[in-house]
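So you can see what is in the structure, the chains are spelled out below.
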Amino acid sequence: MRVGFIGLGQMGSAIAANLLKAGHDLTVWNRSADKAKDLVAAGAHLATSPAEAAQGEVAMSMLSDDAAVEAVVYGENGILGAPALHVSHSTIGIPLVERLAKDHAARSGFVSAPVFGRPAAAQAAKLFVVAAGDGEAIDRCAPLFEAIGQRTFRVGASPSAASLVKLGGNFMIMAAVEAMAEAMTLVEAGGVDRRAMLDVLTGTIFNAPVYSLYGELLVEDRFRPAGFAAPLGLKDMNLVDAAATASRVPMPVLGVVRDHLRSTIASHGSDVDWAGIALAVRQAAGKH
Ligand code: NAP
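How each quantity is defined
- Residues numbered from 1 in each chain as written.
- Predicted model: local features only at pLDDT ≥ 70, side-chain atom pairs only at ≥ 80, totals over all residues.
- Heavy atoms only, no water.
- Domains from an automatic or database assignment.
- Contact = heavy atoms within 4.5 Å.
- Buried area = accessible area lost by both parts, 1.4 Å probe.
- Axes fitted to C-alpha atoms, helices over the stretch in contact; angles between N-to-C directions.
- Helix = DSSP H or I, 4+ residues; strand = E, 2+ residues; numbered from the N terminus.
- Parallel < 35°, antiparallel > 145°, perpendicular 65-115°, else oblique.
- Left-handed = near helix turned anticlockwise from the far one by under 90°.
- Near = heavy atom within 4 Å.
- Polar contact = N/O pair within 3.5 Å; in protein donor to acceptor, adjacent residues only side chain to side chain.
- Areas by Shrake-Rupley, 256 points an atom, 1.4 Å probe, with all protein chains shown as cover.
- Nonpolar A, V, L, I, M, F, W, Y, C, P; charged D, E, K, R; others polar.
- Buried < 20%, exposed > 50% of the residue type's maximum accessible area, 1.4 Å probe, protein only.
- Pairing = 2+ DSSP bridges.
- Salt bridge = Lys/Arg side-chain N within 4 Å of Asp/Glu carboxyl O.

**Considerations on the domain arrangement of the protein**
Piece 1. Looking at the assigned domains, one finds that the protein contains domain 1 (2–157) and domain 2 (164–284).
Piece 2. Centre-to-centre separation of domain 1 and domain 2, based on C-alpha positions: 27 Å.
Piece 3. Listed by partner, the interface residues are 15 residues for domain 1 and 19 residues for domain 2.
Piece 4. Across the domain 1 to domain 2 interface the summed buried area is about 1,200 Å²; carbon plus sulfur atoms make up 68%.

Structure, rendered in structure tokens:
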């Protein structure tokens, strides 16, 4: 399929490489063109603007935040009005998803398809794709989603549905990390090794990828290089808060994890992984 890919950060570059491996005719664009070098060497075409990357059947985007997506869609040489169906993988806010759906509706069409999985999962083509939008448009994307992920979930005809599921899921990841960090700090204060606790829990009733994957990061203090940078995590918690405010849903745990992300960034910098909230939890208990 003739496909464009816009945004070659940690996630985008890995996803785009898998599209190429699956044999798709790929055109890429990134704000900093140097990040396209490896893909171009592997056979991708380099576009000089987002619009140029959206001349095929589908244009997939994977960008940091709302501002980046707005720049690529509505900015100079943006993809609005280009012929390709826009598939947005970025984690962005509900109002922007609704605006994109409306503005693309009369033109090329729009599918919201945020993903679960960190850069290692993206490299291994093991992402989980959560798709929402027009059913026929999602059908057309099936070979692309198969090339980048292990499973695609369809959650509705309204694109914002997928983004809500993604935001809810990211909140649950942060809540799980917070709970693990608090429990590990507690057992360590009593002289028990955090590895021992994790092995018991993931080997019994907490046998789920979120606990084993993030548990390993916590046990080993593996917060750099960041697979998912804390400022992006904070962006997501702010998006959750906006959605909760709009729907009048109290989310008290959200306040806790958001503050821990803020302290972590303030104390440890912007290049720390979002799982680094464990550092804020330990610091509050006087442990370092
Ligand atoms: P990243 O490595 O920081 O990449 C961000 C990308 O956005 C880069 O290509 C960057 O271009 C581009 N960008 C930023 N501002 C821009 C602007 N104003 N105009 C045009 N391009 C702009 O981030 P990532 O980890 O790949 O995450 C990308 C998205 O995936 C985010 O929405 C994130 O929440 C979501 N996500 C991440 C993970 C994860 O574990 N990392 C997992 C699931 C979902 P430059 O190269 O020029 O800076």
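Once the structure has been displayed, the description carries forward.
**What about the packing of helix α8 (residues 160–189) against helix α10 (residues 209–219)?**
Piece 1. Where α8 contacts α10, the two axes come as close as 10 Å, and the packing angle between them is 50 degrees. Accordingly, the angle class assigned to the pair α8 and α10 is oblique. For the element pair α8 and α10, the recorded crossing hand is right-handed. Here Ile173, Ala176, Val177, Met180, Ala181 and Met184 of α8 lie close against α10, whose contacting residues are Val210, Tyr211, Tyr214, Gly215, Leu218 and Val219.

**What to know about the site of the ligand**
Piece 1. The environment of the ligand is formed by 26 residues, the closest being Gln10, Asn30, Ser32, Lys35 and Lys235.
Piece 2. Measuring from an oxygen atom of the ligand, one finds a backbone N or O atom of Gly9 at 3.3 Å.
Piece 3. Within the side chain of Asn30, one N or O atom sits 2.7 Å away from an oxygen atom of the ligand.
Piece 4. Isolated, the ligand exposes 900 Å² of accessible area, and the fraction of that covered by the protein chains is 86%.
Piece 5. Secondary-structure elements contributing two or more residues to the shell around the ligand are α1 (10–21), α4 (66–74) and α11 (230–247).
Piece 6. Considering every element that reaches the shell around the ligand, the biggest residue donor is α11, with three residues.
Piece 7. Of the residues belonging to the shell around the ligand, the class tally is 10 nonpolar, 10 polar and six charged.

**What about unusual backbone geometry?**
Piece 1. In this structure, Pro225 follows Arg224 across a cis peptide bond, with omega equal to -5 degrees.
Piece 2. Inspection of the secondary structure assignment puts Pro225 in the loop between α10 and α11.
Piece 3. A positive phi angle, close to 55 degrees, is found at Ala125, a residue other than glycine.
Piece 4. Assignment of secondary structure puts Ala125 in the loop between α6 (119–123) and β8 (127–133).
Piece 5. At Asp221, a position not held by glycine, the phi torsion is positive, near 50 degrees.
Piece 6. Here Asp221 lies in the loop between α10 and α11.

**Focus on the pairing of β8**
Piece 1. Of all the seven residues making up β8, six are buried; the element is thus mostly covered by neighbouring parts of the structure.
Piece 2. Here strand β6 (residues 110–112) pairs with β8 via two bridges, running antiparallel. Looking across to β8, one finds that Val111 is bridged to Gly133.
Piece 3. Where strand β7 (residues 115–116) meets β8, two bridges bridge the pair, whose relative direction is antiparallel. Paired with Phe116 across the bridge in β8 is Phe128.
Piece 4. Summarising the sheet, β8 and strand β9 (residues 149–154) pair through five bridges and their orientation is parallel. Counted as the bridge partner of Val129 is Thr152 from β9.

**Some points on the pattern of salt bridges**
Piece 1. Under the criterion given, the structure shown has 15 salt bridges.
Piece 2. Across the pair Arg194 and Asp221 runs a salt bridge, and its minimum N-O distance is 3.1 Å. Here Arg194, found in helix α9 (residues 194–202), pairs with Asp221, found in the loop between α10 and α11; they are 27 residues apart in sequence, far enough to count as distant.
Piece 3. When its relative accessible area of 12% is taken as the criterion, Arg194 is described as buried.
Piece 4. With its nearest N and O atoms 2.9 Å apart, the salt bridge here joins Glu220 to Arg222.

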